[in-house]
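Spelled out, the chains give:
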Protein chains: 2
Amino acid sequence: MGKQATEMLKGTLEGIVLAILSGQPAYGYEITAWLREQGFSDIAEGTIYALLVRVEQRGLVDVEKVPSEKGPPRKVYSLNAQGREYLEEFWRTWSFLAERLEQLREGGK
Amino acid sequence: MGKQATEMLKGTLEGIVLAILSGQPAYGYEITAWLREQGFSDIAEGTIYALLVRVEQRGLVDVEKVPSEKGPPRKVYSLNAQGREYLEEFWRTWSFLAERLEQLREGGK
DNA sequence: ACCGGTACTCAGCAACACCAAGTAGTTCGC
DNA sequence: GCGAACTACTTGGTGTTGCTGAGTACCGGT
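Residues numbered from 1 in each chain as written. Chains lettered and ligands numbered in written order. Predicted model: local features only at pLDDT ≥ 70, side-chain atom pairs only at ≥ 80, totals over all residues. Heavy atoms only, no water.

A. Geometry of the protein's contact with DNA strand D. Surveying the vicinity of DNA strand D reveals 29 residues, the closest of which are A:Lys10, A:Arg74, A:Lys75, B:Thr47 and B:Arg54. Counted by atom, the contact set of DNA strand D within 4 Å of the protein is 77% sugar and phosphate. Between DNA strand D and the protein, one listed contact pairs a phosphate oxygen with a side-chain N or O atom of A:Tyr49 at 3.2 Å. One of the side-chain N or O atoms of B:Lys10 is found 3.1 Å from a base oxygen in DNA strand D. At the level of elements, helix H3 (28–37), helix H4 (45–57) and strand S3 (74–79) of chain A together with helix H1 (3–9), helix H2 (12–23) and helix H4 (45–57) of chain B are the ones that each hand at least two residues to the surface near DNA strand D. Classifying every residue of the surface near DNA strand D gives 10 nonpolar, 7 polar and 12 charged. (Near = heavy atom within 4 Å. Polar contact = N/O pair within 3.5 Å; in protein donor to acceptor, adjacent residues only side chain to side chain. Helix = DSSP H or I, 4+ residues; strand = E, 2+ residues; numbered from the N terminus. Nonpolar A, V, L, I, M, F, W, Y, C, P; charged D, E, K, R; others polar.)

See below:
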């Protein structure tokens, strides 16, 4: 993906990760791998970890340290009540944006 | 709109403005007013002007100075060939993102 | 003369994603 | 048992972007 994606991801990536966590708890390495599979080929690993630290500090997720069989202990994140609220808000904002853009795409042709 | 919108607009706002210009030429003040009408209530005026300067420097738009009846001269921007190409690319990136998010929204419920 | 609407500019700030490198633990081949 | 490869997280610095707030300037109506 081009560099347009980089800028477009700002703000959206956070929602994406929270949405993933709303399905089931997960840890950084896992999330990164999953995103890569989904086609977000060039998402930097560091980006995800930094994002997770951020949402943790804002109290949107709970963290649990779980020992791993193959490597250092994992930090498993799960969405809490406040995070769910925030995710709802994210979807509202996203819907608004998506609607306007869809309109523009049709009208602009 | 919350501050989630601010971050989500990064990268998207540029596409929005270019999409507007793909319909017909326009000037900054006009674009700002139109966006406000469309519900982008808190888009700062300065933001649009800065964005227009940027896309101009990248050669995505052509500019023409037109005298106004009520105020300083207007800088009327119109999308050129390169800009159209860039806009296409924008739509591709957007589609990709929108698809993944739609999937996530359904799967996550 | 002044205020409100039109129209654009500029300087400084904060947030976010990227990049590069580093730290550590485990497993597997030589 | 030593290094490579994979797992897993951390840290410091960079560039782009949108926001804030103030400033400039031109016009019309009261």
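B. View of H3(A). All names here are of chain A. Among the residues making up H3, those that are buried are Gly-28, Ile-31, Thr-32 and Leu-35. For H3, the arc enclosing every buried residue in end-on projection is 100 degrees, short of the 170-degree limit, so these residues lie on one face. Seen from the buried face of H3, the exposed residues on the opposite side, beyond 90 degrees, are Tyr-29 and Glu-37. Among the structural elements, helix H2 (12–23), strand S1 (26–27), H4 and S3 are those in contact with the buried residues of H3. A positive phi of about 105 degrees marks Gly-39, the residue just after H3. (Buried < 20%, exposed > 50% of the residue type's maximum accessible area, 1.4 Å probe, protein only. Arc of directions from axis to C-beta. Contact = heavy atoms within 4.5 Å.)

C. Seen up close, the pairing of S3(A). Residue and element names in this part refer to chain A. Note that S1 and S3 share 2 bridges and pair antiparallel. Counted as the bridge partner of Ala-26 is Tyr-77 from S3. Bridge count between strand S2 (residues 61–66) and S3: 6 bridges; the pairing is antiparallel. Across the sheet, residue Lys-65 finds its bridge partner in S3, namely Lys-75. (Pairing = 2+ DSSP bridges.)

D. Just the packing of aromatic side chains, in detail. Summed over the entire model, instances satisfying the criterion amount to 5 aromatic pairs over all chains. Geometrically, the ring pair formed by A:Phe40 and B:Phe96 is edge-to-face, given 5.3 Å between the ring centres and 70 degrees between the ring planes. You can see A:Phe40 sitting in the loop between H3 and H4 and its partner B:Phe96 sitting in helix H5 (residues 81–107), one on each of two chains. Both residues of the pair, A:Phe40 and B:Phe96, count as buried. Plain terms: the ring middles of A:Trp94 and B:Trp94 are 5.0 Å apart, the flat faces sit at 25 degrees to each other, and that makes the pair stacked. With A:Trp94 in helix H5 (residues 81–107) and B:Trp94 in helix H5, this pair bridges two chains. Take A:Trp94 and B:Trp94: they sit in the same class, and that class is buried. (Phe/Tyr/Trp six-rings, centres within 6.5 Å; stacked < 30°, edge-to-face > 60°.)

E. Focus on the sheet that holds S2(A). Residues and elements named next belong to chain A. As summarised here, the arrangement of the 3 strands in space is S1-S3-S2, forming an open sheet in which the pairing is antiparallel. Unpaired on one side and paired on the other, S1 and S2 mark the two borders of the sheet. Seen against the sheet, H2 touches S1, S2 and S3 and runs at an angle of roughly 85 degrees to S3. (Axes fitted to C-alpha atoms, helices over the stretch in contact; angles between N-to-C directions.)

F. Region of the structure containing the protein's contact with DNA strand C. In the vicinity of DNA strand C lie 30 residues, with A:Thr47, A:Arg54, B:Tyr29, B:Arg74 and B:Lys75 positioned nearest. Taking all atoms of DNA strand C within 4 Å of the protein, the share assigned to sugar and phosphate is 80%. A:Gly11 places a main-chain nitrogen or oxygen 3.4 Å from a phosphate oxygen of DNA strand C. B:Tyr49 is positioned with one of its side-chain polar atoms (N or O) 3.2 Å from a phosphate oxygen of DNA strand C. Taken together, the elements giving at least two residues each to the surface near DNA strand C come down to helix H1 (3–9), H2 and H4 of chain A together with helix H3 (28–37), H4 and strand S3 (74–79) of chain B. With 3 residues, H4(A) is the largest single contributor of residues to the surface near DNA strand C. For the surface near DNA strand C, a count of residues per class yields 10 nonpolar, 7 polar and 13 charged.

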